[in-house]
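In case you want the letters, here they are:
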Amino acid sequence: MPALTAHASPICIKERTPFALSHDTVKWTMSIAPGADCIQGLRWSYMQIFNVSVVSGPSRGQLAVVGSGFRYSAEPEARGSDKFTLLISGKNRRAAGTSTLEVEVNPQ
């Protein structure tokens, strides 16, 4: 059985505004080639992430929550933009809260 290999780009997230776990909503922009993967962690150095859940999934790719991050895989024949929304809960320093992360996916 052949091993699965992730071909992730470390620069797939073009705009990565920090979230604060203060019931805020932030928007990120991703640029990805058809058939490529983007693996992105969500924890900042001063945060603890308790849970990441999918609020709305993508329509032109696959999304998986992986620990305190996510993996987005663009379909090989994908054309046009995609989007998904995550809900992140955790602790920012000592204050517990949530953030909504809206990710817009643009083809390369």
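Before any of the text, the structure's been laid out above.
(A) Region of the structure containing the state of the cysteines. This structure, assessed with the given rule, holds 1 disulfide. Between the sulfur atoms of Cys12 and its disulfide partner Cys38 the distance amounts to 1.9 Å. Between Cys12 and Cys38, the S-S torsion sits near 55°, and that sign places the bridge as right-handed. One end of the pair, Cys12, is in the segment before β1 (13–15); the other, Cys38, is in strand β3 (residues 37–41), and 26 residues separate them in sequence. The residues Cys12 and Cys38 share a single accessibility class, namely buried.

(B) Structural context of the sheet that holds strand β8 (residues 95–107). The sheet built from 5 strands is open, its strands ordered β1-β2-β8-β7-β4 with mixed pairing. Edge positions in the open sheet fall to β1 and β4 (47–56), since each of these has one partner strand only. Neighbour-to-neighbour, the strand axes of the sheet open up by a mean angle of 35°, direction not taken into account. Across 2 bridges, β1 lies against strand β2 (residues 24–32) in antiparallel orientation.

(C) Just empty space enclosed by the protein, in detail. Under the definition given, this model contains 1 cavity of 30 Å³ or more. Looking at the largest cavity, its volume works out to about 80 Å³. Lining the largest cavity are 14 residues, with Ile32, Ala74, Ala78, Gly80 and Pro107 sitting closest to its centre. Tallying contributions element by element places β8 first for the lining of the largest cavity, with 3 residues. Residues that form the lining of the largest cavity fall into these classes: 8 nonpolar, 3 polar and 3 charged.

(D) Structural detail: the sheet that holds strand β5 (residues 61–66). Strand order in the open sheet made by the 3 strands is β3-β6-β5, with antiparallel pairing throughout. Only two strands of the sheet have a single neighbouring strand rather than two, namely β3 and β5. Neighbour to neighbour, the strand axes of the sheet diverge by 15° on average, direction disregarded. Summarising the sheet, β5 and strand β6 (residues 69–74) pair through 6 bridges and their orientation is antiparallel. Paired with Gly61 across the two strands is Ala74, which belongs to β6.

(E) Summary view of unusual backbone geometry. The phi dihedral of Leu21 is positive, around 55°, even though this residue is not glycine. By secondary structure assignment, the location of Leu21 is in the loop between β1 and β2. With phi around 60°, Arg93 is a residue other than glycine that occupies positive phi space. Within the element layout of this structure, Arg93 appears in the loop between β7 (82–92) and β8. For Arg93, a relative accessible area of 59% puts it in the exposed group.

Conventions adopted
- Residues numbered from 1 in each chain as written.
- Predicted model: local features only at pLDDT ≥ 70, side-chain atom pairs only at ≥ 80, totals over all residues.
- Heavy atoms only, no water.
- Disulfide = S-S within 2.5 Å.
- Helix = DSSP H or I, 4+ residues; strand = E, 2+ residues; numbered from the N terminus.
- Buried < 20%, exposed > 50% of the residue type's maximum accessible area, 1.4 Å probe, protein only.
- Pairing = 2+ DSSP bridges.
- Axes fitted to C-alpha atoms, helices over the stretch in contact; angles between N-to-C directions.
- 1 Å grid on protein atoms, 1.4 Å probe; cavity = no way out; pocket = protein on both sides within 12 Å on 5 of 7 lines; lining within 4 Å.
- Points joined across faces, edges and corners; volume = space filled by probe spheres on them.
- Nonpolar A, V, L, I, M, F, W, Y, C, P; charged D, E, K, R; others polar.

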